[in-house]
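These are the residues of each chain, in order.
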Amino acid sequence: MQVIVSQLLGKTNVEGSHCNPAAAAMLLLLCLGLLPIVATCPTCCLCASDIISCSGRNLSVLPFDLPSYATRLDLSHNALRALRVDWISQPFDRLSTLVLSKNSISQIEVAAFTLTPHVLHLDLSSNQLTVLNSSIFTGLRELKELLLIGNQIAHIKPGAFGDLNSLQRLYLSANRLTAFPLELYEESSGPHNLTFLDLSYNRLSKVPIQSLLSLTNRGGIYLQQNPLVCDCALVALLEYWMWKQHSPLVDFRGEYPCGDGAKLEGNCTSQGVSDLPLKAQTYQAEPGEWLRVACPGLTIPVQEGQVVFWVTPRMVLNSSTSDQSAHLSILPNGTLEIQGTLIEDSGTYECVVTRGHYYDPRESLEVRVIIGNLSASSTTGVAQRNTSEHFNTAFTTLASCVISIILVLLYLYLTPCRCQEGRGGGTTGCGARALILCSDPGEVESGQRRSNGKRVAFSDPHVEDSDMSGPKTPAMNLEPHSTEGILKNGSRTVGQTLPDPAQMA
């Protein structure tokens, strides 16, 4: 404001200063709020287009005159200790990236982000957060990526990630978590599209194996560098992830426990597990029947301490908690039993058990189950193929007929016909009552016709068109002329006819 006042008032000559009336009027309007204030970049920040960086300025509070047009705001490497409701003085409607890393933030109040509703990327790494309270991220409904790396988070209260409906990537690496935050996937108000969860470098000793098996296809879950207990269930999970080529395990295989030579808790030996290459199997049954599906590669009953998991199209089953009276249950030998099969039971099933080694991804731990009337479906497929074949044959025949008709028409109407020359140098015209189907001009001139049954010629008595007004020749042509025709039975008749005696008289 002082800069604006000095620019408006200004100094004139050496004798002193005086006020410009126009400048004074503008200053009055500005003080009354009738003129807009053009935001300027604070002296402690760097502004470039829509990016504002106030990094490394030892700020404990945000500058009051910070422009609100920014899409990226970098406040890292400062001395911010808390994010209260009024930590931002004005709305940032365009802000999409907010960087608050390398501060001393230990407290975040509820509704602290209501003035930044369109943030997509929030970085709170390397702060002093110890607990994530409920609803601390309220207002960030469009947030897609949240970084909480390098804090001291040991507890996550229920509802902490409420309102984060669009969250896809969550980084919780290098904290003090001792329990897997399963509420991220189970709470109805939490993230529904989470595809990336980094829990590496925490203090997890146990993880929910059964839940992680069902979450494998939903994205990457990173657990490297945690003091995990190598029991049979964890070994089965890691072997299953390696067979699935789960990138968090493939990329950081050496940073996971339970590797070669690791001490396992429980009897997790590979006895009873075949070393032969596994191939996909298929089981078929009619609705209502009981079906038993053997675990691929498992040859003897499950040993004590060993756990068998079955990943079904609708749920994950555990042999240690399986209910033998349920629709789906696991028998003591690891076989899956389906009581009263339903059409909905069709699909791909996977048996997960400790096998003592990582299987080749080209091998198959899958079992395909088909429930339904297979003969009917097979008959339907044959009928569809026959219908298709009949249609193709009929279409080909129809096309051939159309082409044949077109060729006949072209042959009849586009073949040139040359009329015979008359005697005395005249020509015999093709009269209206004469229809001559010619094959070529040479045949017409010679009066010959091929006897292949394809051409028919009819000749009617006609008069000469050469000279109708001249005197007629008294001598009559007594030479016989040939006639040709085809009877109704298809035979051909060829003969000679003499001139009519009446004409001779």
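Predicted, not measured: the structure shown is a model, and the values here were computed from it.

Here is what the cut-offs are and how they apply
- Residues numbered from 1 in each chain as written.
- Predicted model: local features only at pLDDT ≥ 70, side-chain atom pairs only at ≥ 80, totals over all residues.
- Heavy atoms only, no water.
- Helix = DSSP H or I, 4+ residues; strand = E, 2+ residues; numbered from the N terminus.
- Buried < 20%, exposed > 50% of the residue type's maximum accessible area, 1.4 Å probe, protein only.
- Contact = heavy atoms within 4.5 Å.
- Areas by Shrake-Rupley, 256 points an atom, 1.4 Å probe, with all protein chains shown as cover.
- Pairing = 2+ DSSP bridges.
- Axes fitted to C-alpha atoms, helices over the stretch in contact; angles between N-to-C directions.
- Disulfide = S-S within 2.5 Å.
- Core = buried A, V, L, I, M, F, W, Y, C linked by side-chain atoms within 4.5 Å.
- Salt bridge = Lys/Arg side-chain N within 4 Å of Asp/Glu carboxyl O.
- Phe/Tyr/Trp six-rings, centres within 6.5 Å; stacked < 30°, edge-to-face > 60°.
- Lys NZ or Arg CZ within 6 Å of the ring centre and 35° of its normal.
- Polar contact = N/O pair within 3.5 Å; in protein donor to acceptor, adjacent residues only side chain to side chain.

Attention now moves to the overall build of the protein chain. Regarding its fold elements, the protein chain presents 9 helices and 23 strands. Taken across its 505 residues, the protein chain has 35% of its residues classed as buried. Residue pairs at least 24 apart in sequence account for 60% of intrachain contacts in the protein chain once pairs closer than 6 positions are excluded. Split by element, the accessible area of the protein chain, about 29,600 Å² in all, is 55% carbon and sulfur.

Here we come to the sheet that holds strand 5 (residues 97-99). The 9 strands lie next to each other as 1-2-3-5-7-9-11-12-13, forming an open sheet whose pairing is mixed. Strand pairing shows two members of the sheet lacking a second neighbour, strand 1 (46-48) and strand 13 (220-222), which therefore form its edges. Here the average twist between neighbouring strands, direction ignored, is 5°. As paired elements, strand 2 (residues 51-53) and strand 3 (residues 72-74) share 3 bridges and run parallel to each other. Bridge pairing links Ser-53 to Asp-74 in strand 3.

On to the state of the cysteines, then. Enumeration according to the criterion identifies 4 disulfides in this entry. Between the sulfur atoms of Cys-45 and its disulfide partner Cys-54 the distance amounts to 1.9 Å. Disulfide Cys-45-Cys-54: the torsion about the S-S bond is 105°, which places it as right-handed. Cys-45 gets classed as buried once you look at its relative accessible area, which sits at 5%. A relative accessible area of 0% means that Cys-54 is categorised as buried.

The next subject is the pairing of strand 20 (residues 347-353). Summarising burial for strand 20: 5 of the 7 residues are buried, a large majority. Two strands pair when backbone bridges link them, and strand 16 (residues 308-311) and strand 20 are joined in this way by 4 bridges, in the antiparallel orientation. The residue bridging Phe-309 from the neighbouring strand is Val-352, located in strand 20. Inspection of the sheet shows strand 20 paired to strand 21 (residues 366-371) by 4 bridges, in the antiparallel sense. Along strand 21, the bridge assignment pairs Thr-348 with Arg-368.

Attention now goes to the nonpolar core. Side chains of nonpolar character tend, in soluble globular proteins, to be buried together. Counting 78 residues, the largest nonpolar core has Leu-122, Phe-137 and Leu-223 as its most contacted members. Breaking this core down by element, the ones donating at least two residues are helix 3 (183-186), helix 4 (209-215), helix 5 (232-243) and strand 16. The element contributing the most residues to this core is helix 5, with 10 residues. Ignoring anything within four residues of it in the chain, the contact list for Leu-223 reads Phe-180, Leu-199, Leu-204, Val-207, Leu-212, Leu-228, Trp-241 and Tyr-256.

A separate point is the pattern of salt bridges. Applying the stated criterion across every chain yields a total of 7 salt bridges. Here Arg-169 makes a salt bridge to Glu-145, at a shortest N to O gap of 3.6 Å. Here Arg-169, found in strand 11 (residues 169-171), pairs with Glu-145, found in strand 9 (residues 145-147); they are 24 residues apart in sequence, far enough to count as distant. With a shortest N-O distance of 3.2 Å, Lys-244 and Glu-350 are connected by a salt bridge. Residue Lys-244 is located in the loop between helix 5 and helix 6 (247-251), and its partner Glu-350 is located in strand 20; the two are separated by 106 residues in the primary sequence.

A separate point is the packing of aromatic side chains. In this description, an aromatic ring pair is defined by two values, namely the gap between the centres and the angle between the planes. Inspection of every chain in the model, using the stated rule, returns 6 aromatic pairs. With a centroid separation of 6.0 Å and an interplanar angle of 75°, the aromatic rings of Tyr-222 and Phe-252 are classed as edge-to-face. In this pair, Tyr-222 sits in strand 13 while Phe-252 sits in the loop between helix 6 and strand 14 (281-285), placing the two residues 30 residues apart along the sequence. Look at Tyr-222 and you get buried, because its relative accessible area is 12%. Through successive ring pairs, a cluster of aromatic residues spans Tyr-171, Phe-196, Tyr-222 and Phe-252. Over the aromatic face of Phe-196 sits the side chain of Arg-169, whose NZ or CZ is 4.0 Å from the ring centroid.

Along any regular strand, the residues point their side chains to alternate faces of the sheet. Where strand 14 and strand 21 come together, 5 bridges link them in parallel fashion. Residue pairing in the sheet places Thr-282 in a bridge with Arg-368 of strand 21.

Moving on to the environment of Asp-50. With respect to the element layout, Asp-50 can be found in the loop between strand 1 and strand 2. Residue classification places Asp-50 among the partly exposed residues on the basis of a relative accessible area of 29%. Among the polar contacts listed, one links the side chain of Asp-50 to the side chain of Thr-71, at a separation of 2.7 Å.

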